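# Coordinate analysis (summary)
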Amino acid sequence: MRLSKIVLAVLCVVVALTSCSNFNKVLKSKDYEYKLKVADQLFGEKKYRDAQVLYEELYPIYKGTDKFEEIYYKDAYCFYNMKEYKDAENFFKGFLEVFPNSSKAEEVDYLKALCSYKQSLKVELEQGTTIKAIGMMQTFINRHPGSPRIKEAMDIVSKCKEKLELKECRAADEYFKIGQYRAAALGYENVINDYPETTKGDEYQFKMVKSYYEFAKLSVVDKQQERYEKVVSEYNDFVDRYPDSKLLKEAEQYSILSKNNIKDLQNEQTKTSAKR
């Protein structure tokens, strides 16, 4: 058993060395038609790294010929299939600049935008690439309104917006956790304003009511009445916007507490005035 493993390992090394040797021969060859044929074969076998090296070697040879478009296209696709999306995006962009009237232009325009989306970072990280992806996909949609890829493009735009929405919501949640209630309330308000199509609007509105209540509760006495009134105002807005929300009953409790606190504050003010 041990011997067979050793033999297999040796064979693998021999095959790898032979393959490497053959590739180097192709790389050094001056038979460009043969080199292109091998590049296409490697591309078909999904050996994109080697195929890309050969395609790049052939640029100066075939530039200006009717074969250059296909070489450029496959070279860009090599980077895409190797998940090197930044390079792929640049190559697809270059393809469109060189071949603006290509029959592949619509596909490549979509792939260029898709590469931008593929570079979008996790929600915890900076989202500049996500914002860029939305812009590029939207440009594709506007430029190719009849494309069969429109639905895919719109789905990606929606996913990107959901990610940005989640990031904003998490930032507001973090403010709430550390007791920065006014900042939290403003954060939830921004999410609602920035993403009016959200399916979680009632959740954000509820969190606004709750945040403003906590903010009022911790305020100095002189500021409490107006801040409790803000809670009531936000609750009323909640009722108008989301009359069927499952969170309405819970939100109502903050409004009731706020109204009771306003009455207590007013009674205390009356007592103080009477003593004077």
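Residues numbered from 1 in each chain as written. Predicted model: local features only at pLDDT ≥ 70, side-chain atom pairs only at ≥ 80, totals over all residues. Heavy atoms only, no water.

### Details of the overall build of the protein
Within the protein, the regular secondary structure consists of 12 helices and 0 strands. Along the chain direction, N to C, the helices and strands of the protein fall in the order α-α-α-α-α-α-α-α-α-α-α-α. Relative to the compact-globule value of 19 Å for 276 residues, the protein shows a C-alpha radius of gyration of 31 Å, a clear excess of over 25%. Seen along its three principal axes, the alpha-carbon backbone of the protein occupies a region of about 105 × 60 × 30 Å. By residue count, 40% of the 276 residues in the protein fall in the buried class. Carbon together with sulfur atoms contributes 53% to the accessible area of the protein, which is approximately 16800 Å² in total. With 46 positive and 44 negative side-chain charges, the protein shows a spacing of 5 Å between the two charge centroids. (Helix = DSSP H or I, 4+ residues; strand = E, 2+ residues; numbered from the N terminus. Rg over C-alpha atoms; globule rule 2.2 N^0.38 Å. Buried < 20%, exposed > 50% of the residue type's maximum accessible area, 1.4 Å probe, protein only. Areas by Shrake-Rupley, 256 points an atom, 1.4 Å probe, with all protein chains shown as cover. Lys, Arg positive; Asp, Glu negative; His and termini not counted. Charge placed at Lys NZ, Arg CZ, Asp CG, Glu CD.)

### Here we look at the packing of helix H8 (residues 150–177) against helix H10 (residues 201–217)
The interhelical angle for the contact between H8 and H10, taken along N-to-C directions, is 20 degrees, at an axis separation of 11 Å. On the basis of their axis angle, the class for H8 and H10 is roughly parallel. Considering only the axes of H8 and H10, their crossing is left-handed. Along the contact surface, H8 presents Glu165, Cys169, Asp173 and Phe176, while H10 presents Tyr204, Lys207, Lys210, Ser211 and Glu214. Split into classes, the residues belonging to the contact of H8 with H10 amount to 3 nonpolar, 1 polar and 5 charged. (Axes fitted to C-alpha atoms, helices over the stretch in contact; angles between N-to-C directions. Parallel < 35°, antiparallel > 145°, perpendicular 65-115°, else oblique. Left-handed = near helix turned anticlockwise from the far one by under 90°. Contact = heavy atoms within 4.5 Å. Nonpolar A, V, L, I, M, F, W, Y, C, P; charged D, E, K, R; others polar.)

### Some details on the packing of aromatic side chains
Across all of its chains, the model carries 23 aromatic pairs by this definition. Consider the rings of Phe43 and Tyr48, whose centres lie 5.5 Å apart with planes at 80 degrees: the pair is edge-to-face. For the pair Phe43 and Tyr48, one class covers both residues: buried. Centroid distance Tyr80 to Tyr85: 5.6 Å. Interplanar angle 65 degrees. Geometry classified as edge-to-face. (Phe/Tyr/Trp six-rings, centres within 6.5 Å; stacked < 30°, edge-to-face > 60°.)

### Comments concerning the state of the cysteines
One pass over the structure, following the stated rule, counts 0 disulfides. This cysteine, Cys78, is not joined by any disulfide, and Cys115 carries the nearest cysteine sulfur, 13 Å off. (Disulfide = S-S within 2.5 Å.)

### Considering the confidence of the model for the protein
Summing up the model confidence of the protein, the mean pLDDT is 91 and the portion of residues at 70 or higher is 91%. Here residues 5–19 scores under 50 on pLDDT; set against residues more than four positions off or in separate chains, the count is 0 contacts. (pLDDT = per-residue confidence, 0-100.)

### Observations concerning the side chain of Gln224
Mapping Gln224 onto the fold places it in helix H11 (residues 221–241). Classification of Gln224 by relative accessible area gives buried; the value is 12%. In this structure the side chain of Gln224 is engaged in a polar contact, spanning 3.4 Å, whose partner is the backbone oxygen of Ser219. Among residues more than four places away in sequence, those in contact with Gln224 are Ala216, Lys217, Ser219 and Leu265. (Polar contact = N/O pair within 3.5 Å; in protein donor to acceptor, adjacent residues only side chain to side chain.)

### Some details on the side chain of His144
Within the secondary structure layout, His144 lies in the loop between helix H7 (128–143) and H8. Apart from residues no more than four positions distant in its own chain, His144 is found in contact with Glu106, Asp109 and Ile150.

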